Amino acid sequence: MKRKLLRDALLALSCSLVSASSLALAEGGGLAPQGPSFPEDKRFGAGSVWASSMKQGIGTSYEKYNTDLTAFGHADTGALSKVWFSLAEGIVTETAFGLIHEAQLKDLQFLITGGEGGGFFDEERLDTTHSVTYLHTDTGSAQGRPLSPAYRIVNEDKEGKYRIEKHVFTDPSRQTLFMRVIFTAMEDGITPYLLVNPHIANTGVQDVAFVGTPAGGTPHLGARNRADDKYLLVKSSAPFVKTSAGYVGVNDGWSDISGDRFMDFEYDYTEANPPDGKGNVALTAQLPTVDSTTVTFDVVVGFGDSFLEAEANALGSLGEGYDAVRDRYNGVGALVGWEDYIGSLSEIGSLVSASGDDGRLLHASALAIKVMEDKTNAGALIACLCVPWGESTSADVFATGYRAVWVRDFFQVGMAFLALGDAETAKVAFNYLPRVQVTASTPGVGPGNDPGWFLQKTLVDGTLEWIRLQKDQTAMPIMYAWKLWQAGVLSDAEIAAAYWGMLKPAAEFLSNTRSVDLTLGADRYAETYTPAETEQERWEEEKGRSPSTNAAVIAGLIAAADIADWIGGSEVGAASYYRAQADILVLGLDQMFTTSGFLGDGQYFIRIGDNDDPNDTPAGAHQVCINNGGPCVSERAILDGGFLELVRYGVLAANDPRILETLDDYNLKGPAIAEHDQVRYDFGFGGTPFPAWRRYSQDHYGERVADGADFSGDDPDNRGRPWPFLTGEYGTYELDRLKESGGGSLSPAQITQLRETYARAMERFANDSLMLPEQIWDGVSAVPVDRFSLGEGTNSATPLAWPHAEYIKLLRSYRDAANFSRFSIVADRYVSASP
């Protein structure tokens, strides 16, 4: 009778999880308790957060585009898989299904018990040492160049009692995450438990957890969202001895087993309709005890828009088996997979010689930036498959974090695809850009808006997320178009169509005084800007005149003029106008160069200014208020590396006196400069100093100084740390400087020195699994910080697409002995001796 009542209760759930004939509920199961006896903050589970942002790997199945390059889907790669995973702390972390930002799973790991006399309880991510390497390389060894984003994780118990090896990838033909587990017990009585924390539909709340055993089948763990349109199902080739569904921090597996080292709870499901903002659930499965031996089994997570879809995906992958799914993912032999993608990159082989690690980071970078492309919206390139400072960031509400489109990052990545010889992805990405350009049909556009500018940040489907104007993001699509046209990726007909549809509206916006009028929710944004002004520069914070922004605008206008001249007819007049406006901006660069600054000798390009006089001094005026808890200081007290964009794009010569003056102060180190003003740091690995730079003096976007704890919003104790991609930018500048000083040529010894300094630096800043971070630890803290190592990634965001792209472009520049980011038409106009 008890079993029948429990079954009837479950079948009465609004979602009808499975049919009555397929369930067999555990004795003592039923609804996981969450009633009024629990503290309010624990009812329906503790507050949810994301996983660590220090990713050790990211992956998805390789998919080919259709023949006309309008979408993913090709006979060679079969059914389209839309599952992405990430790894951190030796475990599977955020895993998405559907759109690339739609996480369905926060993490999946093992709990382990064993021993006598009370024994021990371990949490895999905390109580083991982690090693992550690539499962498929060109040499077959961990030190080879990776050929696919399939990973081998080895987690060793710190006390030597067990070892967990896992191989992680996705099923190219199904919506499934696949994990081979090789579990070794060094003594008798070691019991592993699988702990799963769903975050269905990209939040950690309003989830429903359930367990069950289909008639004639094996037990499963499952979860869905309250809306009942996204499911995950966990199956294993090893039998689940016990299963339970519960609430995080209340009656989940960790809360249950950590106390008495025994799995007491066997709840069958959680509340079917959790209240708003509640419902952080977890699933637990006990696996057979292992006695001084090694056992091998597979765990799969199937996803779907219904229970039956998720079940079919999980069972299909498990049934096909490890070897077959892995080989299709990797593209072994005649099968088409990641090995084929690497083989299609026409430039990658010759770029290896420009690297300092025999091409390992090069291959990993090519894989990483390709992984970070959405598959529903082909060409949508995101900034990172992560949420920055995830463990400190609430998952109670939907947010994309860095899993979104910024045109600036997008441009860097698109250029990296071009550098690799991946013309297809470079072109598909370009064709995506109209979706994030503001037109009369953009949602929320007001009557005072001038079209042509590009949105600040969007979801991959073009949905607005942040709506401020950053003019470099409006210039970069024009710059990108010109580069693709010159490389033959865009035909004459295609560049003409792009000019009329997208590029001319952007150029008109940049070259004239224009207004924006856009509303998102309660935020109405309406302002007017002259050609020299932007609402935000590349750090998305300050309004005014920025060297980095205006470098892009100048290059964009000259590129637009070149295309307009080719179009001919009435556009010849437009071309003349674009060049004239670019000339005015070049003449205005002195309006961003102070001769009375507060750093060094006081002569440098400032980060941003609010008028045409960088030396004015009225008390309290012309200040920059540093975001994220920083102070308000004179604009003359802040400099950043954005001035180097003037050289990279060909606006100024590398040896322009203003550039050289700024470099002197940009490279100052203590005690010649205060710690909060210092931007350059050298990191010694084996005695070789490798340089890196912070975004700007007094940057507050990073871990706290007091204890190295995560960034925490507007906190005066925050400190921005060095960013590795700035090392790549500086390394490109140094190539231009040496080439210009050498009369247009570089010696092999100079190329070697550049490689050994800047390419090697970026290779050292990557983690052991070749993921490049947004920021690296500079050691500035009031107390020792054990969780970070000097010169290695912080918890902000890893892997960031931008440094991987910058590294690829740096190698291309060194191989060619020519700045790959340079615009020859810009340099021909403004630099007398173009390097």
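Q: Explain empty space enclosed by the protein here, please?
A: To locate leftover empty space, one rolls a probe as large as a water molecule over the atoms. Tallied over the entire structure, the rule returns six cavities of 30 Å³ or more. The space that makes up the largest cavity amounts to roughly 60 Å³. Tallied by class, residues from the lining of the largest cavity come to four nonpolar, two polar and four charged.

Q: Even after reading the chapter, I still don't get the pairing of strand β3 (residues 91-97), so can you show me in this structure?
A: Among the seven residues that make up β3, seven are buried, leaving the element largely enclosed by the rest of the structure. Pairing of strand β2 (residues 83-88) with β3 involves five bridges; the strand directions are antiparallel. Each residue of the ladder has a partner; that of V83, found in β3, is F97. What sits between β2 and β3 in their antiparallel hairpin is a turn of two residues, with E89 showing a positive phi close to 55°. As paired elements, β3 and strand β4 (residues 103-114) share three bridges and run antiparallel to each other. Following the sheet pairing, T95 is matched in β4 by L105. Between β3 and β4, which pair antiparallel in sequence order, lie five residues; one of them, G98, sits at a positive phi of approximately 105°.

Q: Quick question: what am I supposed to make of the pairing of strand β14 (residues 242-247) here?
A: Regular strands place side chains that alternate from one sheet face to the opposite one. Within β14, six of the six residues are buried, leaving the element largely enclosed by the surrounding structure. Alternating positions in β14 separate into two faces, K242, S244 and G246 on one and T243, A245 and Y247 on the other, with burial throughout. Inspection of the sheet shows β14 paired to strand β15 (residues 281-286) by six bridges, in the antiparallel sense. Looking at β15, one finds that A245 is bridged to L283.

Q: Before we go on, may I ask you to explain the pattern of salt bridges in this structure?
A: A pair can form between side chains of opposite charge whenever their charged atoms are brought close. Tallying each qualifying case throughout the model produces 56 salt bridges. With a closest N to O distance of 3.9 Å, K106 and D107 form a salt bridge. On the accessibility criterion, K106 (14% relative accessible area) is buried. Of the residues examined, D107 reaches a relative accessible area of 10% and is grouped as buried. Where D682 meets K669, a salt bridge forms, and the shortest distance between an N and an O atom there is 2.6 Å. One end of the pair, D682, is in strand β25 (residues 680-685); the other, K669, is in the loop between α16 (657-666) and β25, with 13 residues separating them in the sequence. The exposure class assigned to D682 is partly exposed, which follows from its relative accessible area of 29%.

Q: It is not clear to me how the packing of aromatic side chains should be interpreted in this structure. Could you clarify?
A: Aromatic ring pairs are defined here through the distance separating the ring centres and the angle between the ring planes. One pass over the full model with this rule turns up 47 aromatic pairs. Seen in terms of ring centroids, F169 and F178 are 5.4 Å apart; in terms of plane orientation they differ by 5°. Their pairing is stacked. Exposure remark for F178: the relative accessible area of 0% places this residue in the buried category. Of the residues examined, F169 reaches a relative accessible area of 0% and is grouped as buried. Through a chain of ring-to-ring contacts, the aromatic side chains of F643, Y666, W693, Y730, Y733 and Y758 assemble into a single cluster. One residue, R468, lies across the ring of Y525, its end atom 4.4 Å from the ring centre.

Q: What exactly am I supposed to notice about unusual backbone geometry here?
A: A cis amide bond links G670 to the next residue, P671, at an omega of 5°. In this chain, T798 is followed by P799 through a cis amide linkage whose omega measures -5°. Among the secondary structure elements, P799 is positioned in the loop between α18 (748-765) and α19 (801-816). Even without being glycine, Q206 reaches a positive phi, approximately 60°.

Q: I would appreciate a short explanation of α16 in the present structure.
A: One turn of the α-helix equals 3.6 residues, which is why residues spaced by three or four share an orientation. When we look at burial in α16, the residues that qualify are R658, I659, T662, L663, D665 and Y666. The buried side chains of α16 occupy one side of the element, clustering within an arc of 165° when seen end-on. Of the residues that open α16, the one with a side-chain oxygen 2.8 Å from the backbone nitrogen of R658 is D656.

Q: What is the right way to read the sheet that holds strand β8 (residues 162-170) from this model?
A: Adjacent strands of a sheet form backbone hydrogen bonds with each other and so pair up, either parallel or antiparallel. Taken together, eight strands build an open sheet; the order of strands is β6-β7-β8-β9-β16-β13-β12-β11 and the sheet is antiparallel. Bordering the open sheet on either side are β6 (128-134) and β11 (207-212), each of which pairs with just one other strand. Across the sheet, the mean angle separating the axes of adjacent strands is 15° when strand polarity is ignored. As paired elements, strand β7 (residues 151-157) and β8 share six bridges and run antiparallel to each other. Bridged to R152 within β8 is H167. Relative to strand β16 (residues 294-304), helix α4 (residues 307-320) is tilted by about 150°, and along the sheet it contacts β9 (176-185), β11, β12 (220-225), β13 (231-236) and β16.

Q: How should the state of the cysteines be read in this particular structure?
A: Each disulfide is one covalent bond, formed between the sulfur atoms of two cysteines. According to the stated counting rule, one finds two disulfides in the structure shown. The side chain of C384 participates in a disulfide bridge whose partner is C386; the two sulfur atoms lie 2.2 Å from each other. The sign of the 120° torsion about the S-S bond sets the C384-C386 disulfide as right-handed. At a sulfur-sulfur separation of 2.0 Å, the disulfide partner of C625 is C632. Every disulfide takes its handedness from the sign of the S-S torsion; for C625 and C632 that torsion is 105°, giving right-handed. The class of C632 is partly exposed, set by a relative accessible area of 42%. If one numbers only the bonded cysteines of the protein, in the order they occur, the disulfide pattern is 1-2, 3-4.

Q: How do you make sense of the side chain of H220 when you look at a structure like this?
A: Among the secondary structure elements, H220 is positioned in strand β12. In this structure H220 comes out as buried when scored by relative accessible area, which is 2%. For H220, the contacting residues outside a window of four places in its chain are F210, V211, G212, T213, P214, L233, V234, K235, F240 and F307.

Q: Explain the environment of G140 to me, please; I cannot follow it from the model alone.
A: Mapped onto the elements of the fold, G140 is located in the loop between β6 and β7. With 166 residues separating them along the chain, G140 and S306 place their C-alpha atoms 39 Å apart.

Q: I keep staring at the packing of α18 against α19 and nothing clicks. Help me out?
A: Where α18 contacts α19, the axes come no closer than 11 Å and their chain directions differ by 170°. In this view, α18 runs roughly antiparallel relative to α19, as classed from their interaxial angle. Crossing angle aside, the handedness with which α18 passes α19 is left-handed. Packed against α18, whose contacting residues are I751, L754, R755, Y758, A759, M762 and E763, the element α19 presents P803, Y807, L810, L811 and Y814 at the interface. Within the contact of α18 with α19, the residues separate by chemical class into ten nonpolar, no polar and two charged.

Q: Would you mind going over the packing of helix α11 (residues 471-486) against helix α13 (residues 547-567) with me for this structure?
A: Packed helix pairs are specified by the crossing angle of their axes together with the interaxial distance, meaning the distance between the axes. Remark: α11 packs on α13, axes separated minimally by 8 Å, with the N-to-C direction vectors making an angle of 45°. Judged by the inter-axis angle, α11 sits oblique to α13. When the axes of α11 and α13 are compared, the crossing they make is left-handed. Here K471, D472, A475, M476, I478, M479, W482, W485 and Q486 of α11 lie close against α13, whose contacting residues are T549, A552, V553, A555, G556, A559, A560, D562, I563 and W566.

Q: In this structure, what is going on with the environment of R226? I would like to understand it.
A: By secondary structure assignment, the location of R226 is in the loop between β12 and β13. The exposure class assigned to R226 is partly exposed, which follows from its relative accessible area of 30%. A sequence separation of 45 residues divides R226 from E271, and the C-alpha atoms of the two residues are 9.6 Å apart. Leaving out residues up to four positions away in the same chain, R226 has contacts with Q206, A272, N273, P274, P275 and D276. Within the local environment of R226, its side chain forms a polar contact with the side chain of D276, the two groups lying 2.8 Å apart.

Procedures and definitions
Residues numbered from 1 in each chain as written. Predicted model: local features only at pLDDT ≥ 70, side-chain atom pairs only at ≥ 80, totals over all residues. Heavy atoms only, no water. 1 Å grid on protein atoms, 1.4 Å probe; cavity = no way out; pocket = protein on both sides within 12 Å on 5 of 7 lines; lining within 4 Å. Points joined across faces, edges and corners; volume = space filled by probe spheres on them. Nonpolar A, V, L, I, M, F, W, Y, C, P; charged D, E, K, R; others polar. Buried < 20%, exposed > 50% of the residue type's maximum accessible area, 1.4 Å probe, protein only. Helix = DSSP H or I, 4+ residues; strand = E, 2+ residues; numbered from the N terminus. Pairing = 2+ DSSP bridges. Salt bridge = Lys/Arg side-chain N within 4 Å of Asp/Glu carboxyl O. Phe/Tyr/Trp six-rings, centres within 6.5 Å; stacked < 30°, edge-to-face > 60°. Lys NZ or Arg CZ within 6 Å of the ring centre and 35° of its normal. Arc of directions from axis to C-beta. Polar contact = N/O pair within 3.5 Å; in protein donor to acceptor, adjacent residues only side chain to side chain. Axes fitted to C-alpha atoms, helices over the stretch in contact; angles between N-to-C directions. Contact = heavy atoms within 4.5 Å. Disulfide = S-S within 2.5 Å. Parallel < 35°, antiparallel > 145°, perpendicular 65-115°, else oblique. Left-handed = near helix turned anticlockwise from the far one by under 90°.

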